[in-house]
Amino acid sequence: MIRVRNVVVYATRSRNVISAAALSAVIYPNATYHIVAAIPKLRSRVMYTRMFQEVVEGLAGDSMHEVEMALLSKGAIVTRKRLLRGDPIRSLVDYITSTRADLLVAGSSSPSFILNVVFKILSALRSARFYIPTLIHTPRSRQVTDVKEVLLVLHSAQPEDISVLVSADLARRLGAHLKILPILRVPWLERHSLSLKTYLGLKDVDVSIETFPTSASAVEEVLEASEGADVVVLEGSRGVKDMELLDKRVAAESAAPVILT
């Protein structure tokens, strides 16, 4: 059982994060939402610096307002808006851990923002032994308003692992087709392939297992499969170097929003 009660939306100047927030409200309508923006604290006291700070704070406030409107339009409950000052990554990590958030939501039209900011936040969270699924509206993702197909990408996860639980929960609640793509051999998936719906508690859900060509590129196969999906649930690398490239490429290039677990 997976419960998403507290969601932190990282508000930035991007339409993609607004789309990500709206999608999160569709798939987790009963959660409470925290909208957070982060700006570096400038130490200089020159007038130009003060003016610059006011402009930056105004832009951050506008970003939070736009995210709030997107969430409210979907009926979501927004409990808090917070402008954090200081190192953006450190302040985001502190906020996420202090609120015990169940989901982080982010989005950008810039691959470098995903790789250099979002992934650094996730790395810092892992260093603090805090693991949180992250919904990312990728730079290439189309806007999704209705989830009809969930693509689960596995390499070593067990049935009780978060990637499987999140995917099964989405498919069950939203009535979506669950398509499973194992990019490595997954023994439990093979053992239960004929009774997978019963095994995962998805008897009323359409479930299929994709065959992964042994000679194919994992990255290219996942990116191609993302074209037909509404959400990609990606098992995190958990320090497996060969899978880190997959995480980053998919988070930057997927045609569908990604939930990185």
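Residue indices begin from 1 for each chain and proceed along its sequence in written order. The predicted nature of this model means local features are confined to residues of pLDDT at least 70 and side-chain atom pairs, given and counted, to a pLDDT of 80 or more, with totals for whole chains, interfaces and linings taken over all residues. Just so you know, side-chain values use all the structure's heavy atoms and leave hydrogens and water out.

Q: Describe the pairing of strand β6 (residues 149-154), naming the residues involved and giving the relevant values.
A: Taking burial as the measure, the six residues of β6 include six buried ones, the bulk of the element. Of the two faces of β6, the one holding E149, L151 and V153 and the one holding V150, L152 and L154 are both buried throughout. In this scheme, strands are said to pair when DSSP sees at least two bridges between them. Secondary structure is summarised from DSSP: a helix means a run of H or I of at least four residues, a strand means a run of E of at least two, and numbering begins at the N terminus for each. When β6 meets strand β7 (residues 177-182), the two strands line up parallel, connected through six bridges. Paired with L151 across the strands is K179, a residue of β7. When the strands point away from the viewer and the path from the first strand over the helix to the second turns clockwise, the crossover is right-handed. Tracing the backbone out of β6, into helix α5 (residues 162-174) and back to the parallel element β7 gives a crossover that is right-handed. Pairing between β6 and strand β9 (residues 231-234): four bridges, direction parallel. Looking at β9, one finds that L152 is bridged to V233. Exposure classes here rest on a 1.4 Å probe applied to the protein chains alone. A residue is buried below 20% of its type maximum, exposed above 50%, and partly exposed in between.

Q: Got a sec to walk through the side chain of K179? Specific residues and values, please.
A: Position of K179 among the secondary structure elements: in strand β7. The contacts of K179, once residues within four sequence positions are left out, are E149, V150, L151, L152, S208 and E210. Should any heavy atoms of two residues lie within 4.5 Å, those residues are considered in contact.

Q: Describe the packing of aromatic side chains, with residues and values.
A: Classification of ring pairs rests on two measures: the distance between centres of Phe, Tyr or Trp rings, Trp counted by its six-membered ring, which must be within 6.5 Å, and the angle between planes, read as stacked under 30 degrees, edge-to-face over 60 and tilted in between. A full pass over the atoms with the stated rule returns two aromatic pairs. Relative to F113, the ring of Y10 has its centre 5.9 Å away and its plane inclined at 40°; by these criteria the two rings are tilted. Here F113 lies in helix α4 (residues 111-127) and Y10 lies in strand β1 (residues 6-10), a separation of 103 residues in the sequence. Overall, F113 belongs to the buried group, its relative accessible area being 17%. Ring centres 6.0 Å apart and planes at 35° place the aromatic pair W188 and Y199 in the tilted group. Of the two residues, W188 sits in helix α6 (residues 187-191) while Y199 sits in helix α7 (residues 196-199), which places them 11 residues apart along the sequence. Note on W188: relative accessible area 2%, which makes it buried.

Q: Describe in detail unusual backbone geometry, supporting the description with residues and values.
A: Residue R100 is not a glycine yet carries a positive backbone phi of 55°. One non-glycine residue, R129, lies in positive phi territory at about 60°. With respect to the helices and strands, R129 occurs in the loop between α4 and β5 (134-137). Residue classification places R129 among the exposed residues on the basis of a relative accessible area of 73%.

Q: Describe the pairing of β7, with residues and values.
A: Among the six residues in β7, six count as buried, and that is most of the element. Alternating residues of β7 divide into H177, K179 and L181 and L178, I180 and P182, and every residue in both groups is buried. The pairing of β7 with strand β8 (residues 207-209) spans three bridges and is parallel. Note on β8: the bridge partner recorded for K179 is S208.

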